[in-house]
Amino acid sequence: MTQPSDSIARLRASFDSGKTRPEAWRRGQLERLKAMVEENESAINEALHADLGKSGFEARMTEIGTVLSEIGHTLSHLKAWMQPKKISTPLSNQPGSSRIVSEPLGVVLIMAPWNYPVNLVLTPLIGAIAAGNCAAIKPSEVSAHTSQVLARLIPAYLDPDAFQVFEGGADVSTALLEERFDHIFFTGSEQIGKIVMTAAAKHLTPVTL
C-alpha cells in the first residue's frame, strides 16, 4: 500500500499557503458541500441502503437531513465565530487590551464508523472547514458503498488540495495514524479509540473521541 505521506504533505502545503483562512473560502467550501449532498441524495441513499438497509426516510432523518441542518447552522454563524472576542484585561497589563482570536489548527484527520457513514464523516468535516482546516478523511471500509460514493464526490465538489478521502481497511488507518496531524476526530469502539489516542500521543495531537 502506498504510504499517505505525500498526500498529507500536500494538504499541509495547502494549509500553509493560507488559502483556507479567508471567510470567503470557508463559506464557498461549505456551500459546495451542501450542493454535493443535495445534488447526489439519490446516490447517497442507494449506498446507505446497500450497506445498511436504510430506507430513504431513515437516511434523510439520521444522515442527510442532519448534515444539511449543520451546514445551514454553520453558514449562519460563521462570520460571528471568526470575529475576535474582546475580554477583560488584568490590571497588571493595563492600559492594554485583550482579545481571543480563533486560529485554524492545520491538517485534521477524520475517522468515521460504519453505522452512520455519511453523518459521522461530513459533520466533523463541516467543523473542520468552518475553522479553516484541511482534512484527511477515512470512511469505514465496512460501509463500502458509502465510502466509494464519498471518495468520488468529495474531490469533485471540494478543493482537492485541501481535502482527501482515504479508502481501505485497517492497514490504511494504521498508516494514517503514523502521520502527524493537528487534530483527530474519531468515532468508533473503545478498543480502536485507545489505538487512536496512543498514536496521537506520539505527536501530542489533540483528539476528539
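Quick note: structure is the one above.
Let me sum up the structure you'll find in this document. (Residues numbered from 1 in each chain as written. Predicted model: local features only at pLDDT ≥ 70, side-chain atom pairs only at ≥ 80, totals over all residues. Heavy atoms only, no water.)

### Side note on unusual backbone geometry
And step 1. Cis geometry is found at the peptide bond from glutamine 94 to proline 95, where omega equals 15 degrees.
And step 2. Secondary-structure assignment places proline 95 in the loop between β1 (85-87) and β2 (98-100).
And step 3. You will see that leucine 204, though not glycine, has its phi angle at about 55 degrees, which is positive.
And step 4. Among the structural elements, leucine 204 can be located in the loop between α8 (190-201) and β7 (207-208).
And step 5. On the basis of relative accessible area, leucine 204 is assigned to the exposed category, the value being 76%. (Helix = DSSP H or I, 4+ residues; strand = E, 2+ residues; numbered from the N terminus. Buried < 20%, exposed > 50% of the residue type's maximum accessible area, 1.4 Å probe, protein only.)

### A look at the sheet that holds strand β5 (residues 163-165)
And step 1. Within the open sheet, the five strands sit side by side as β5-β4-β3-β6-β7. Their pairing is parallel. Sheet topology places β5 and β7 at the edges, where each strand pairs with a single neighbour.
And step 2. The sheet contact formed by strand β3 (residues 107-111) and strand β4 (residues 134-138) spans five bridges and is parallel. The residue bridging methionine 111 from the neighbouring strand is lysine 138, located in β4.
And step 3. Helix α5 (residues 119-130) rests against β3, β4, β5 and β6 (183-186) of the sheet, and its axis sits at about 165 degrees to β3. (Pairing = 2+ DSSP bridges. Contact = heavy atoms within 4.5 Å. Axes fitted to C-alpha atoms, helices over the stretch in contact; angles between N-to-C directions.)

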